[in-house]
Amino acid sequence: MHNEIIIGGFGGQGILFLGKVLATAGMLEGYHVSWFPSYGPEMRGGTANCTVIISDQEIGATISDHPHIVVAMNEPSLFRFAPSLKEGGLLLINSSLVEKEYQKEGIEIAKIPANQLAGKVVNNPKTLNMVVLGALIGYRPILPLSQVHRALEECLAGKEGLIEKNNQALETGWQYACQGGVTHVSQR
Amino acid sequence: MHNEIIIGGFGGQGILFLGKVLATAGMLEGYHVSWFPSYGPEMRGGTANCTVIISDQEIGATISDHPHIVVAMNEPSLFRFAPSLKEGGLLLINSSLVEKEYQKEGIEIAKIPANQLAGKVVNNPKTLNMVVLGALIGYRPILPLSQVHRALEECLAGKEGLIEKNNQALETGWQYACQGGVTHVSQR
Amino acid sequence: MAVVFERPKTLIKKPFTYCPGCHHGLAQRIIAEVIDELGIENKTIGVGPVGCSVYIYQFLDTDFVMGAHGRAPAIATGIKRTQPDKIVFSYQGDGDIAAIGTAEILHAANRGELISSFFINNAVFGMTGGQMAPTTILKQKTTTSPKGREPKSHGFPLQLCEVLSACQGSAYLSRVALTNPKLINQAKRSIKKALLTQIEGRGFSLVEILSPCPTNWGMSPQEAVDWLEKEMIPYYPLGEIAVKEGILHA
Amino acid sequence: MAVVFERPKTLIKKPFTYCPGCHHGLAQRIIAEVIDELGIENKTIGVGPVGCSVYIYQFLDTDFVMGAHGRAPAIATGIKRTQPDKIVFSYQGDGDIAAIGTAEILHAANRGELISSFFINNAVFGMTGGQMAPTTILKQKTTTSPKGREPKSHGFPLQLCEVLSACQGSAYLSRVALTNPKLINQAKRSIKKALLTQIEGRGFSLVEILSPCPTNWGMSPQEAVDWLEKEMIPYYPLGEIAVKEGILHA
Amino acid sequence: MEKKILMKGNEAIAEAAVQAGCQLYFGYPITPQTEISEYLSQRLPEVGGVFLQAESEVAAINMVYGASASGARVMTSSSGPGISLKQEGISYLTVAELPCVIVNMSRGGPGLGNIQPSQSDYFQAVKGGGHGDYKLIVLAPSSVQELITLTHRAFYLADKYRNPVEILGDGMLGQMMEPVVFTKPQFPPLPSKDWAIKGKNGRERKVVGRLTLEAQALEEVNLRLHRKYQEIQKNEVLFEAFGSPEPDLLLVGFGTTARILKTVVREGEKKGLKLGLIRPITLFPFPRDEINRLANQAGKVLVVEMNLGQMVEDVRLSVEGRVPVFFYGRTGGMIPTAETILSRVEQIVS
Amino acid sequence: MEKKILMKGNEAIAEAAVQAGCQLYFGYPITPQTEISEYLSQRLPEVGGVFLQAESEVAAINMVYGASASGARVMTSSSGPGISLKQEGISYLTVAELPCVIVNMSRGGPGLGNIQPSQSDYFQAVKGGGHGDYKLIVLAPSSVQELITLTHRAFYLADKYRNPVEILGDGMLGQMMEPVVFTKPQFPPLPSKDWAIKGKNGRERKVVGRLTLEAQALEEVNLRLHRKYQEIQKNEVLFEAFGSPEPDLLLVGFGTTARILKTVVREGEKKGLKLGLIRPITLFPFPRDEINRLANQAGKVLVVEMNLGQMVEDVRLSVEGRVPVFFYGRTGGMIPTAETILSRVEQIVS
Amino acid sequence: MKQKETMRLPSGRVIIDQEFCKGCSLCIRICPREVLGLSNRFNSVGYYPAVVESAEKCNGCGFCAQVCPEVAISVYRG
Amino acid sequence: MKQKETMRLPSGRVIIDQEFCKGCSLCIRICPREVLGLSNRFNSVGYYPAVVESAEKCNGCGFCAQVCPEVAISVYRG
Ligand SMILES: Cc1ncc(C[n+]2csc(CCOP(=O)(O)OP(=O)(O)O)c2C)c(N)n1
Ligand SMILES: Cc1ncc(C[n+]2csc(CCOP(=O)(O)OP(=O)(O)O)c2C)c(N)n1
Ligand code: SF4
Ligand code: SF4
Ligand code: SF4
Ligand code: SF4
Ligand code: SF4
Ligand code: SF4
Ligand SMILES: [Mg+2]
Ligand SMILES: [Mg+2]
């Protein structure tokens, strides 16, 4: 078990929190985990991304040159991170914001209209990050969903009011993935 | 030829200038020379002293642990520097300001009432440093007096008006020494 | 067709890298306009700070020197003393000029150094993520004054122009804001006066520009502009704080 | 027989190491008297500077901390924040407080830090041999302004009290001289007020003490006192520059 | 707090400091360590401590000086440029023997540089960036958990030896989150701080930072400090050994680099390479004897750093030419990858 | 000026700087080097230059930065505490590749210390007291005459390599007078400073100190600087060898210490001891090959410094354990005497 | 998406550079004639830029351009 | 030389510590009664200290002690 995951998008999409829930879930599951944000000298909006590593071994570098999973929450991060994906890796795209197509051989590409799902199904646009996380676990069950729910609750300690909607978002994303399945596996 | 000379006294007695003239004379005579002042963090009067080394060899440290000559322009410097005098060294005391007696074996002790001589003979109390320098050369002819005169003139470049009196002071001290000779050689 | 508004020549044509609603870009545009109007683009040298302001060199088409946090006035002094015929200005944030760089700006002013400083006061350390600045106003919450600034532990908002006005070398000091066209025009006049103070060799000049930092204030650009007008200006009254005629050094 | 004048208890009985005619000793005696009168010798902590003033710790019988040049206000802040029940003062020269330590004193004042600073303004860097200080007056010759201070190259004499008066945390600022018994009594009252300002928790306090440096001014003690009165006081008018009532932090 | 929680390195230091009894913190913001300030601005007042954002790093280190002279446990933190500005103050702290903890979350330099992780302040920390014959105790954590234990230890060592202690981390350690457990700091009892100035209050007055204007007096002080440093060298060396007990090549690296080197050891093993790793945890005192011993066993050494060759000098001084010492470094905020290091290893071993 | 004159070290540097075309000087008083400022406050205006006493050392080094960016020859000077305060600025100068000359007339440290001569800022000067992977060129004069020639050379090297050069003297060199002869500085022609900012004036605008926020960009800068340092190491090593060509012991010392070691060599000779001396004139680049060669010839090395062991590390790195390296040091402003060194020598040789 | 959104009118003409705009709305707020609004499509950087909604109302006063922090607006009259 | 030079008078009594005094003359200058003068013998540090020359004139005003930078003077009255 060794998974390196990069989540990229705009500031404000809840990317660092997504990563934190994922890493916490890994920790609760007993793995070594690390979470590393991109941090710029610049406060000016733009991109935000983070790297989560979940492993059964001690973790070396907390950045990833060849991630197993890339989550592209917007277009710029798609083109920035997808090229480094490991052979056989998963590229999870937020199709609500990404219009362009991406081509790469030997990887698995999945799409989820996260903004729509968060807005319409969950009825809370801010939960789009949990929709995506649910989908991620759906496409790649690296951790039990239940553990992710527990992690979410732990990360929302003190803000219990938010738990329900976020749990719902996780479910929504997960179900979307389980139903929709893999949308595309590129050929070598 | 290797002579280490320490001149000590109060600030304002022209000690650094005395040293400079001496070192310049050594330089003019073709020797290696160095001049090193004591310098304190403190501006508050008190003692001033400097070390002059005249040598036919390259000079190492410009301070002296065991000087060949100590000039004590006042009492505190007598007790501070005289104890380190080399065996056979010369202790030259400004007897105008030093009342106490000093005892040490194996050195030569000479006294000169420099303030009186400067005041009464030269008629310029400020020349007491040159009186002492003249005496020093009188007691220990490490350099020709003529070279000291030349050095003095060089050091007074731009202040030519002062040359005459200072030359006179040099002579006065020198003659005092040559006439008075060594006042006392301590026994071993 | 008459041009009402076009990009000034000295402003390099590329998008600013600042947050939406940040006035850094606006301030730089006005400086560029003044440089255009004075026709000094060929002999102007800017000195950058550390802070969000640092990017100015990517936008203003003049020579630039970038140095250490807070030291722009010293660097500018080094330049001006070497090249007295050049127009030298620093562009600094409140952390840069009023915290770490206090001594440098104060002594530049006190020497009547023939430089101009443009000081973007956004009441926080912007670039590092919104910590308290000396200019943070009372009760304002920042990441290092999480319960709001209060005098006992954090001290008072620092009024730099007022402080510098006690320095004899300060020939022109002015405080402006950019929240509406009228104020923008006033600001532009101040910036021009500052540079003219330098050109005429009259002494040190500084223009303090109140500026929103929507990102670190946690506000929308519009809210930020409102907050600036309602909360900040009372602490930092607009207007000319020092205008000395004649050549101070004469 | 009535005692008209005796050495204060808090002044250690040994000769000062200052030059003849220097007022460092005089200033320290007055501080010691005030400490005696307030009965605070057991809870007073002095912070020394670098400069001739540094020797104060050898003469004042209170706890002392000696630190880096110009940083006494920061050190005092560290002490006061740790031990708010103590009376903490810094004793600094003009080079120390108005050159290298500009930022530290200004921000201590601006925070309204509950410390008192005694600032010996002798218009030169004394300890290092008489270089120009920010407080050197115009035309004054020093070893680094050999032709006399002139604004164009050297800037203007810095009026620290006036600068600090623009800081909201300054509760008490006063400038005094010690050239005659009347002024000495005024100075003593100011020093007492400064310490009381601290004791009552009202804000930052500073007393600037004009002081001769006969050695570096190249004058006799008497000439130095005359020069101070005739030449220095016009640049540095005596009196209370800021007196704020009430507790600033409240 | 026995529970495992996910925590950011900077926040972990801050919380660990509070637990170690740090009463005051003075700092000035700089990426990538500002979270330490931010956390403590909230946390210290909660426990009755003091958080103060100074007007500059210079002011901050001098506030530390004042607080430490008062006998308190006190900390400051910064990165590259800010630590440079603190060098004068650090030099003063050492000679006044004032304990304190200084954190450097090092970033790419020189100059403004950037905010990516770097180890190029090793010389500054270990050899002395300030003036004079002095040494800091320098600790190099390599995980968030260790940031906690070494922060605890830093306060202990500072008080034990009356010496400033620098924690030399980097942007990666400061910014990343890892699971941690907070344990209570437990150390032997320390002597009381009877040197602290607290107002004389009847007893003899005290002076901190006494002048030593006479050369002889200052030499005595320096020699006393020197003996203290030798004692520290004797008592306080910490290191971690990892990998093959009989390696063909000894890797040496600290902090973040050591994490990567562990991956290298594991990947190397898969390729049949017997690699050892020694990770100095204390940079001063440097584990020179242990490195020397293991190096001689291995016959070859590769030092990897996120700089262009700094600790490698201390490794060379440890082995003194007995075995060849190779170096691989990245700089300016670049992080070496296990892959590239491994190919370097293969070159050397073959 | 071909005439021999007696001159104080500090004044000699100042005059030599003027002759080397130094146009601006920014400084802040500190003993034992203030005479440099004092001399230049008089002299620079005479030649149309600028003397400015800054409000602090921090301001001074940044004024130097501005003047150097303008293309001028510029100098600053200080001692211990002041040089520490300049470390951030120095780090910035190196990465912006701005030439300048920095004089450190070193005094007893750490902290305020005293104003006696010392060599305990060797690490700071040579290893880098500031943050980041950078190097200064460091010159160590040993007489007043050499203060002149090395000041000339410092300006030349600074411009040749676009790098700050530090002249590492000490209180003795600064305060003493010796006979000197002023010769005209003569060096090969230098490239024009087309990087200097002078207002764009029609041509492409210039930026000094460009940001390198991307790690890769900064690594490239650092690697370029590194290559420059290697070139300097190759081209610019200076040292003096003295004494017996086939010595039984090699002495190594720089600056003031080397003067004393010459006396030791001569006195040793009288006692029948064959002693060699190598005096590094450039501390960076360090004459490591020459020291290694001579050390191997002698079989034993004694390093003497006015500190508790700093350059000795570079000597050890040069000989890499091939011959034993002994150390003798005085600190805190104490000056080692020829006598004591000689008795140490006798111990070692016997 | 078009790079430039332009309008023409006897009184005023405003050009908003869609790639420079960051959708801060300060121009919208200041416009005395309610000429401007936000687009509902984001630009390549991800912002929803301002667009001219009621070109005919523009009087060419230039206020919008004056307050635009991104210098994204040009205004012409006549 | 005596360590202390004292005087007694109905009005004022001044004691000058000869070893503390540095001969700056500030006391002499301030004394309204011309009580003080400089000694012509130097003290152990090398200064010519102030001495009481006309003890009978002293009114015990304390001015001399007030201005003495060396705190070398004590004044008593009665
Ligand atoms: C010596 C030093 N200390 C700290 C920093 C980190 N730093 C970068 S920008 C900044 C403050 C920025 O605030 P301000 O000057 O107000 O500019 P703004 O970003 O708000 O425009 C700080 C503290 C640094 N680069 N160098
Ligand atoms: C960082 C640093 N810079 C410079 C010095 C040298 N220095 C010692 S005292 C002093 C100035 C003293 O002047 P001032 O503060 O006016 O005190 P004064 O001696 O006149 O009472 C200076 C510059 C120092 N010790 N440390
Ligand atoms: S962080 Fe603040 S100051 Fe910096 S660009 Fe954003 S809004 Fe402007
Ligand atoms: S140098 Fe000046 S300030 Fe220092 S003790 Fe002498 S007179 Fe006083
Ligand atoms: S020019 Fe005036 S009227 Fe036209 S859009 Fe802009 S603000 Fe509105
Ligand atoms: S003001 Fe400028 S950046 Fe803001 S919405 Fe209008 S055009 Fe866009
Ligand atoms: S007490 Fe008054 S009258 Fe008596 S000596 Fe002193 S100054 Fe003169
Ligand atoms: S004032 Fe004091 S120091 Fe001066 S002469 Fe009088 S007694 Fe002596
Ligand atoms: Mg700001
Ligand atoms: Mg002074």
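Residues numbered from 1 in each chain as written. Chains lettered and ligands numbered in written order. Predicted model: local features only at pLDDT ≥ 70, side-chain atom pairs only at ≥ 80, totals over all residues. Heavy atoms only, no water.

## Description of unusual backbone geometry
Trans peptide bonds make up most of the peptide bonds, and negative phi angles are found at most residues other than glycine.
So, point 1. Residues Gly-109 of chain E and Pro-110 of chain E are joined by a peptide bond in cis, for which omega reads 0°.
So, point 2. At Asn-123 of chain A, a residue that is not glycine, the phi angle is positive and equals roughly 70°.
So, point 3. The class of Asn-123 of chain A is exposed, set by a relative accessible area of 59%.
So, point 4. Positive phi, normally seen in glycine, also occurs at Arg-162 of chain E, with a value near 45°.
So, point 5. Among the secondary structure elements, Arg-162 of chain E is positioned in the loop between α7 (144-161) and β7 (164-170).
So, point 6. Under the relative-accessibility criterion, Arg-162 of chain E is labelled partly exposed at 24%. (Buried < 20%, exposed > 50% of the residue type's maximum accessible area, 1.4 Å probe, protein only. Helix = DSSP H or I, 4+ residues; strand = E, 2+ residues; numbered from the N terminus.)

## Examining the interface of chain C and chain G
So, point 1. Contacts between chain C and chain G engage 32 residues on the former and 28 residues on the latter.
So, point 2. Both faces considered, chain C and chain G share a buried interface measuring about 2,400 Å² in area, 60% of it formed by carbon and sulfur atoms.
So, point 3. The interface formed by chain C and chain G includes 2 salt bridges.
So, point 4. Close ionic contact of Lys-13 of chain C with Asp-17 of chain G constitutes a salt bridge, the shortest N to O distance being 3.7 Å.
So, point 5. Taken together, the connections running from chain C to chain G amount to 11 residue pairs in polar contact (both at pLDDT 80 or more).
So, point 6. Considering each element in turn, the side of chain C that touches chain G owes the most residues, 5 residues, to helix α9 (residues 221-235) of chain C.
So, point 7. Of the residues belonging to the side of chain C that touches chain G, the class tally is 17 nonpolar, 8 polar and 7 charged.
So, point 8. Pairing geometry for strand β1 (residues 2-5) of chain C and strand β5 (residues 73-77) of chain G, over 3 bridges, is antiparallel. When the bridges of β5 of chain G are listed, Val-3 of chain C appears paired with Tyr-76 of chain G. (Contact = heavy atoms within 4.5 Å. Buried area = accessible area lost by both parts, 1.4 Å probe. Salt bridge = Lys/Arg side-chain N within 4 Å of Asp/Glu carboxyl O. Polar contact = N/O pair within 3.5 Å; in protein donor to acceptor, adjacent residues only side chain to side chain. Nonpolar A, V, L, I, M, F, W, Y, C, P; charged D, E, K, R; others polar. Pairing = 2+ DSSP bridges.)

## Quick look at empty space enclosed by the protein
Rolling a probe over the atoms, with the probe sized like a water molecule, indicates the empty space that remains.
So, point 1. According to the stated counting rule, one finds 14 cavities of 30 Å³ or more in the structure shown.
So, point 2. Put simply, the largest cavity is a space of about 420 Å³.
So, point 3. Considering only residue class, the lining of the largest cavity consists of 19 nonpolar, 13 polar and 5 charged. (1 Å grid on protein atoms, 1.4 Å probe; cavity = no way out; pocket = protein on both sides within 12 Å on 5 of 7 lines; lining within 4 Å. Points joined across faces, edges and corners; volume = space filled by probe spheres on them.)

## A word on the sheet that holds strand β3 (residues 63-66) of chain C
So, point 1. Reading across from one edge, β10(C)-β8(C)-β9(C)-β5(C)-β4(C)-β2(C)-β3(C)-β9(F) is the order of the 8 strands in this open sheet, with mixed pairing throughout. A strand with exactly one partner marks an edge of an open sheet, and here the two such strands are β10 (239-243) of chain C together with β9 (207-208) of chain F.
So, point 2. In the sheet, strand β8 (residues 170-177) of chain C pairs with β10 of chain C via 4 bridges, with the strands oriented antiparallel. Across the sheet, the residue bridging to Ser-174 of chain C is Glu-240 of chain C, located in β10 of chain C.
So, point 3. Contacting β5 (116-121), β8 and β9 (204-210) of chain C, α9 of chain C crosses the sheet at an angle of about 135° to β9 of chain C. (Axes fitted to C-alpha atoms, helices over the stretch in contact; angles between N-to-C directions.)

## Some points on the coordination of the magnesium ion (ligand 9)
Residue and element names in this part refer to chain C.
So, point 1. Within the protein, the atoms that donate to the magnesium ion (ligand 9) are Asp-94 (OD), Asn-122 (OD1) and Val-124 (O), at distances of 2.0 to 2.2 Å.
So, point 2. The sequence motif formed by the donor residues of the magnesium ion (ligand 9) is D-x27-N-x1-V. On the criterion of sequence distance, the pair formed by Asp-94 in helix α3 (residues 94-100) and Val-124 in strand β6 (residues 124-125) is long-range, its members being 30 residues apart. (Donors = N, O, S within 2.8 Å, 3.2 Å for Na, K, Ca; no water.)

## Side note on the interface of chain F and chain E
So, point 1. In this complex, chain F contributes 56 residues to the contact, which on the side of chain E involves 56 residues.
So, point 2. Roughly 4,700 Å² is buried in total at the junction of chain F and chain E, and carbon and sulfur atoms are behind 59% of that figure.
So, point 3. Ranking the residues of chain F by area buried against chain E places Pro-110, His-131 and Asp-133 of chain F at the top, with a combined share of 14%.
So, point 4. Counting across the chain F and chain E interface gives 4 salt bridges.
So, point 5. Put simply, Glu-313 of chain E and Lys-127 of chain F hold a salt bridge, and the shortest N to O gap is 2.8 Å.
So, point 6. Inspection of the region where chain F meets chain E yields 30 residue pairs in polar contact (both at pLDDT 80 or more).

## Quick word on helix α1 (residues 15-28) of chain B
Residue and element names in this part refer to chain B.
So, point 1. For α1, which comprises 14 residues, the first-to-last C-alpha distance of 20 Å matches the rise-based estimate of 20 Å (1.5 Å per residue) to within 8%.
So, point 2. Of all 14 residues in α1, 10 are buried, a share of seventy percent or more.
So, point 3. Ile-15, Leu-18, Gly-19, Val-21, Leu-22, Ala-23, Thr-24, Ala-25, Gly-26 and Met-27 are the residues of α1 that are buried. (Expected span 1.5 Å × (residues − 1).)

## A word on the packing of aromatic side chains
So, point 1. Within this structure, the stated rule accounts for 28 aromatic pairs over all chains.
So, point 2. Grouped by ring-pair contacts, the aromatic residues Phe-16, Tyr-18, Tyr-55 and Phe-59 of chain C constitute a single cluster.
So, point 3. Positioned above the aromatic ring of Phe-20 of chain G, the side-chain terminus of Lys-13 of chain C is 4.4 Å from the ring centre.
So, point 4. In this structure, Lys-262 of chain E is placed above the aromatic ring of Phe-242 of chain E, and the distance from its NZ or CZ to the ring centre is 5.2 Å. (Phe/Tyr/Trp six-rings, centres within 6.5 Å; stacked < 30°, edge-to-face > 60°. Lys NZ or Arg CZ within 6 Å of the ring centre and 35° of its normal.)

## Overview of the side chain of Gln-53 of chain E
So, point 1. Relative to the helices and strands, Gln-53 of chain E resides in strand β3 (residues 50-53).
So, point 2. Residue classification places Gln-53 of chain E among the buried positions, given a relative accessible area of 10%.
So, point 3. There is a polar contact of 2.5 Å between the side chain of Gln-53 of chain E and the backbone oxygen of Met-132 of chain C.
So, point 4. At 2.7 Å, the side chain of Gln-53 of chain E forms a polar contact with the side chain of Thr-144 of chain C.
So, point 5. Discounting chain neighbours no more than four positions away, the residues touching Gln-53 of chain E are Phe-125, Gln-131, Met-132 and Thr-144 of chain C together with Gly-27 and Pro-29 of chain E.

## Some remarks on the environment of Phe-242 of chain E
So, point 1. Checked against the element boundaries, Phe-242 of chain E lands in strand β10 (residues 239-243).
So, point 2. Between the C-alpha atoms of Phe-242 of chain E and Asp-289 of chain E, which are 47 residues apart in sequence, the distance is 16 Å.
So, point 3. Those residues within four positions of Phe-242 of chain E in sequence are excluded, and the remaining contacts are Glu-58 of chain A together with Lys-262, Val-265, Arg-266, Leu-275, Gly-276 and Leu-277 of chain E.

## A few points about the site of ligand 2
So, point 1. In the region of ligand 2, 26 residues are neighbours, and Asp-94, Gly-95, Asp-96 and Gly-126 of chain D together with Glu-57 of chain F sit closest.
So, point 2. In this structure ligand 2 sits where residues from chains D, E and F come together.
So, point 3. Here an oxygen atom of ligand 2 sits 2.8 Å away from a polar atom, N or O, in the main chain of Cys-52 of chain D.
So, point 4. One of the side-chain N or O atoms of Glu-57 of chain F is found 2.5 Å from a nitrogen atom in ligand 2.
So, point 5. Against a free-state accessible area of 590 Å², the protein chains account for coverage of 99% of ligand 2.
So, point 6. Because more than half of its atoms lie within 2 Å of the grid, ligand 2 is assigned to the largest cavity.
So, point 7. Only α3 (94-100) and β6 (124-125) of chain D together with α4 (80-85) of chain F provide two or more residues apiece to the shell around ligand 2.
So, point 8. Among the elements that make up the shell around ligand 2, the one with the highest residue count is α3 of chain D (4 residues).
So, point 9. Its residues assigned to classes, the shell around ligand 2 comprises 12 nonpolar, 9 polar and 5 charged. (Near = heavy atom within 4 Å. Areas by Shrake-Rupley, 256 points an atom, 1.4 Å probe, with all protein chains shown as cover. Sits in = over half its atoms within 2 Å of the grid points.)

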